[in-house]
Structure formats: structure tokens, C-alpha cells
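# Secondary and tertiary structure notes
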Amino acid sequence: MSTKEIKEQVAKLMVATAQKWKKVYGKEEEATQEEKDGYAVFREEMDKKIDSLIPDSEKLSIVLSGCAKGDLSHYDIEDSLQEFFKPGEGVQYDSESGQFWMYVKPTLVHQVLRWIDFHFPGKIDLTVEPNEYNSNPWFQNWTQAERYLTQISAEAGE
């Protein structure tokens, strides 16, 4: 299966998970414990399927996290990195309260570290660790997966 086909399958599984969540939690009355438990099992199954589809070489197995020093903002860092390393193309970003996280596939780690060292020498307290959070290289959330499926449907003329 090609990377494009895998990406489409991952998006479909994520959208199915979103639809199930909306069916259980998006209604007026509160979900029953049975519905919640059913969703939890379904979500775990979907997460396992998604994880098994993504090749290890594409997984975001490394997380770079850090804080900016001095006058530098974590927004400056993230904006600079996103000029060259686009979200969904082997990296994903997150930031909060002055801290940033960049989830990276292994083949890009060296390039990202060189970029940071060149553009922000000594201006970031940086940590590099294995990523335990989320290894999906293409979509951070259901909305991104839905947009992708809409985009490829439009391109295919469906």
C-alpha cells in the first residue's frame, strides 16, 4: 500500500471514530455507561488499527520540547520551524504557556536540530525524548482527517 493510500485509510478510521464519538457524546441526553464503554472499546480498536497502518519510518517517534530564553517567544520558534517543516509532513506542533513541542519522524530529527541550532543558537532550553503521546504523522485531530478526505474527494471529482 502506498503512503497516500495509508494516509487515506488512517483518515477514514479517524473520521469513523469521530462519528462514533458524536453519536455517543453529541446527543442531548447524557450517554449511558454502556454507550461510553462501547465507545472506549471502539476507540481502542481504531487506535490500534491506525497504529498498525503507519509504517515505523513515518511515525513521529521523537519529541522535541523546549522553552524560549530571553526575548524569544515560543511562537517565533514555531513560526520559523513551520516555514521549512510543514505540519503533516513528518512533523506536528503543539505549544502552550511558553512551552513548545515538536513531534518528528526519525529521518527529520537531524535536520530539525540543525535548523534550531542555526536559527536560535543558545536561545532555547531543548529536550529530545522518545514520543509517548501520538505518532500519527498526518493528522493531529479528526477535523484534519475530515478536511483531507474532502480534499482528495474533490481532487478525484467525486
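As shown above, the structure is provided for reference.
Now for a description of the structure that goes with this document. (Residues numbered from 1 in each chain as written. Predicted model: local features only at pLDDT ≥ 70, side-chain atom pairs only at ≥ 80, totals over all residues. Heavy atoms only, no water.)

## Focus on the sheet that holds strand β2 (residues 91-96)
Our working rule: At least two bridges found by DSSP between two strands is the condition for calling them paired. The secondary structure listing takes helices from DSSP runs of H or I that are at least 4 residues long and strands from runs of E that are at least 2 residues long, numbered from the N terminus. Lines fitted to C-alpha atoms define the axes, with helix axes restricted to the stretch in contact, and inter-axis angles between N-to-C directions lie between 0 and 180 degrees. When checking whether two residues touch, look at their non-hydrogen atoms; a contact exists if any pair is within 4.5 Å.
Spatial ordering of the open sheet is given by β2-β3-β1-β4, a layout of four strands whose pairing is antiparallel. Each edge of the open sheet carries a strand with a single partner, namely β2 and β4 (124-130). Here the strands of the sheet are splayed against their neighbours by 15° on average, with no regard to which way each runs. Bridging between β2 and strand β3 (residues 99-104) involves six bridges; their strand directions are antiparallel. Pairing of Gln92 across the sheet is with Tyr103, part of β3. Relative to β2, helix α3 (residues 74-84) is tilted by about 165°, and along the sheet it contacts β1 (62-68), β2, β3 and β4.

## Side note on the packing of aromatic side chains
Selection criterion: To pair, rings of Phe, Tyr and Trp, with the six-membered ring standing in for Trp, must have centres within 6.5 Å; the planes then decide the type, stacked if under 30 degrees apart, edge-to-face if over 60, and tilted in the middle. Categorising residues by exposure relies on relative accessible area from a 1.4 Å probe, with only protein chains included: less than 20% of the type maximum marks a residue as buried, more than 50% marks it as exposed, and the intermediate range marks it as partly exposed.
All told, the structure shown has seven aromatic pairs when counted by the stated rule. With centroids separated by 4.8 Å and ring planes inclined at 85°, the aromatic side chains of Phe84 and Phe85 adopt a geometry described as edge-to-face. Judged by relative accessible area, Phe84 falls into the partly exposed class, the value being 49%. The buried category is assigned to Phe85, whose relative accessible area is 5%. Ring geometry for Phe85 versus Trp115: centroids 6.0 Å apart, planes at 85°, classification edge-to-face. Within this pair, whereas Phe85 is found in the loop between α3 and β2, its partner Trp115 is found in helix α4 (residues 109-119), the two being separated by 30 residues in sequence.

## Here's the deal with empty space enclosed by the protein
Spelled out, the test is: In this analysis a 1.4 Å probe is tested at points of a 1 Å grid over the protein atoms alone, and where it fits but cannot get out there is a cavity; an open set with protein on both sides within 12 Å along at least five of seven lines is a pocket; lining residues have an atom within 4 Å of a point. Grid points are joined across faces, edges and corners, and a volume is the space filled by probe spheres set on the points.
Tallied over the full model, the rule gives one cavity of 30 Å³ or more. In this structure, the largest cavity occupies an estimated 40 Å³ of space. Every residue lining the largest cavity is listed: Leu60, Gln92, Tyr103, Tyr133, Asn134, Asn136 and Gln140.

## A few points about the layout of surface pockets
For the record, the criterion: For this classification, the nonpolar set comprises Ala, Val, Leu, Ile, Met, Phe, Trp, Tyr, Cys and Pro, the charged set comprises Asp, Glu, Lys and Arg, and every other residue, Gly included, is treated as polar.
Reported here for the largest pocket is a volume of approximately 410 Å³. Lining the largest pocket are 18 residues; nearest its centre among them are Met14, Arg43, Asp47, Asn134 and Asn136. Among the elements that line the lining of the largest pocket, the one with the most residues is helix α2 (residues 33-53), at five residues. Taken together, the residues of the lining of the largest pocket break down into eight nonpolar, six polar and four charged.

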